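Results of the structural survey
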Amino acid sequence: GVHAVVEFSEKECIAALQDGTRILSTNHESTVPFKTRLLTLRFNHPGDQAAAQMSVKCLKQSTIPINELIQKLSSVDSIDQQVDLLTREYQLTEENIRLRFLVCSLLKDIAAAYFPESSVKPFGSSVNTFGKLGCDLDMFLDLDGNSGRKVGKTAGPYILEYQMKQVSSERMVTQSILSVIGECIDQFGPGCVGVQKILNARCPLVRFSHQPSGFQCDLTANNRIAMRSSELLYVYGSLDPRVRALVFSVRCWARVHGLTSSIPGAWITNFSLTMMVLFFLQRRSSPIIPTLDQLKSLAGTDGKCIIEGHDCTFVTNLSKITLPENTDTPGQLLQEFFEFYGNFTFSKNSINIRKGKEQNKPEASPLHIQNPFEQSLNVSKNVNQTQLEKFVTLARDSAWTLQQNEVSHPSGTHPWGLAALLLPSVSQTAGKNKNKRKRQPASERIKSLLDSIKASKVTKTTDVFCKSAKKKSL
Ligand code: GTP
Ligand code: MG
């Protein structure tokens, strides 16, 4: 259906609107007496519809199909323009971001039944500048107002304390809160369907679909480091437009070729891919973005932040960051990204955006990307050798394809440049020209799938972030 987000300038207007709104009437079903700020606008009499002559301009909330995108990309003149076009087509719109904040505030209304001082905040790709239309909505239930972490003022010889229930671990608190809120969402949340409580994951969460907005939602609690990671990505994404352009292109390329997946397993995640792009941009001879340590050294008191003993300090005031001159074009960066990782010594080196330099791998995982804040963790621990090899092969093929188009590109709408990379199998295009690579035999493909499933079982017991391979759109 058609939905509108309506903002009011006066609170009284909302009260007046609510006064004039009636309870949903149905003939057959009973209604849970929980009202939300999601209202349905219907015609009073069937005949009114024709008379209303409404003309509604709808803003798009989803991406165009991949074949249409390929056609569009093929009709522009340069790879730079293709990268730019892809970003514009895929990025979240202002309205879509507002809708995400609205859904968070609707969830807050439910959580407030138990925890009046709580708030629900979006994080992840909804707000980190790398969100694509249709990406999931990651939400953080912030209970700091209730948790007693704030130290109250003391007066005289007395201390006043709230009576609060004591439980043996922070994790148990998170699990029981999410369990209850998840139940509430399931029983009373208007438009919330398919509620799953995934409480035993490293980071417990409640997953559900919010039907009116069409968002797939993940609600977490006690997840401050992920919130902080989103802020860091936001800083990087805002520093230079080429950062977002490259992240969008690489994420899209990875999705088309099945390097990322909606099924949990040994696949690379979008978060890991983003780290790889950031690292590559730090490694340019004239770096396009600073290292995390440099961002830390620029932080004033506002950027200081320690979470659960981890130093998450970095500057948040963008005007304090000066960048060296760099004139690399987006197309050039895309090609060199593929060359860089096509030749990267994954067997020895770890990717580390804190230092902006390769480090010796501290453990044997095929792909090692140091978690920027929890530095002893590897964000890509779930990735197996088969998936890494697939990534490297595709990266090499893609570098080669882009190189060919740099020299000359076919006229008309024949897919070329970035469009050619987004065709379902780049190896077929490259193979035609190079006559070098053959399609993997079916037995190999099945083996690789089995390996991925096995690895996903291992992942459950590792330190990898709980959602490292969850549903992803791009
Ligand atoms: P998409 O949902 O795929 O568009 O991207 P996303 O960035 O939102 O990823 P996801 O929903 O998987 O995770 C949400 C946020 O959690 C990320 O932006 C990160 O801040 C954080 N996160 C996800 N995976 C990891 C991980 O492996 N390690 C750490 N430290 N944080 C992670
Ligand atoms: Mg997400």
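In this text, all values refer to a predicted model and were calculated from it rather than measured experimentally.

1. Quick look at the overall build of the protein chain
A tally of regular secondary structure across the protein chain gives 16 helices and nine strands. A fraction of 67% describes how many contacts in the protein chain between residues 6 or more apart in sequence connect residues 24 or more apart. Summed over all atoms, the accessible surface of the protein chain reaches about 25,600 Å², with 53% contributed by carbon and sulfur.

2. Examining helix 12 (residues 330-342)
Its 13 residues place the ends of helix 12 18 Å apart at the C-alpha level, agreeing with the 18 Å of an ideal helix rising 1.5 Å per residue. Along helix 12, the residues classified as buried are Gly331, Leu333, Leu334, Gln335, Phe337, Phe338, Tyr341 and Gly342.

3. Some thoughts on the coordination of the magnesium ion (ligand 2)
For a metal bound by four donors in a tetrahedral arrangement, the ideal donor-metal-donor angle is 109.5 degrees, while six donors in an octahedral arrangement ideally sit at 90 or 180 degrees. The protein atoms that coordinate the magnesium ion (ligand 2) are Asp136 (OD) and Asp138 (OD), at distances spanning 2.1 Å. Judged by relative accessible area, Asp136 falls into the buried class, the value being 9%. The class for Asp138 is buried, based on a relative accessible area of 5%.

4. Section: unusual backbone geometry
The residue Thr129 is not glycine, and still its phi comes out positive at about 80 degrees. Within the secondary structure, Thr129 sits in the loop between strand 1 (119-123) and strand 2 (137-142). Of note in this structure, Asn222 is not a glycine but carries a positive phi near 55 degrees. As for its position among the elements, Asn222 is in the loop between strand 5 (215-221) and helix 8 (224-239).

5. Some thoughts on the nonpolar core
Of all hydrophobic cores here, the largest spans 72 residues; its most connected members are Trp253, Tyr341, Phe346 and Phe391. The greatest single-element share of this core, amounting to nine residues, is contributed by helix 9 (residues 241-256). Residues in contact with Tyr341, not counting those within four places in the same chain, are Met276, Phe279, Phe280, Phe346, Ile351, Phe391 and Val392. Leu99, Ala111, Met139 and Cys192 belong to the second largest nonpolar core, which has 25 residues in total.

What counts, and at which threshold
Residues numbered from 1 in each chain as written. Chains lettered and ligands numbered in written order. Predicted model: local features only at pLDDT ≥ 70, side-chain atom pairs only at ≥ 80, totals over all residues. Heavy atoms only, no water. Helix = DSSP H or I, 4+ residues; strand = E, 2+ residues; numbered from the N terminus. Contact = heavy atoms within 4.5 Å. Areas by Shrake-Rupley, 256 points an atom, 1.4 Å probe, with all protein chains shown as cover. Expected span 1.5 Å × (residues − 1). Buried < 20%, exposed > 50% of the residue type's maximum accessible area, 1.4 Å probe, protein only. Donors = N, O, S within 2.8 Å, 3.2 Å for Na, K, Ca; no water. Core = buried A, V, L, I, M, F, W, Y, C linked by side-chain atoms within 4.5 Å.

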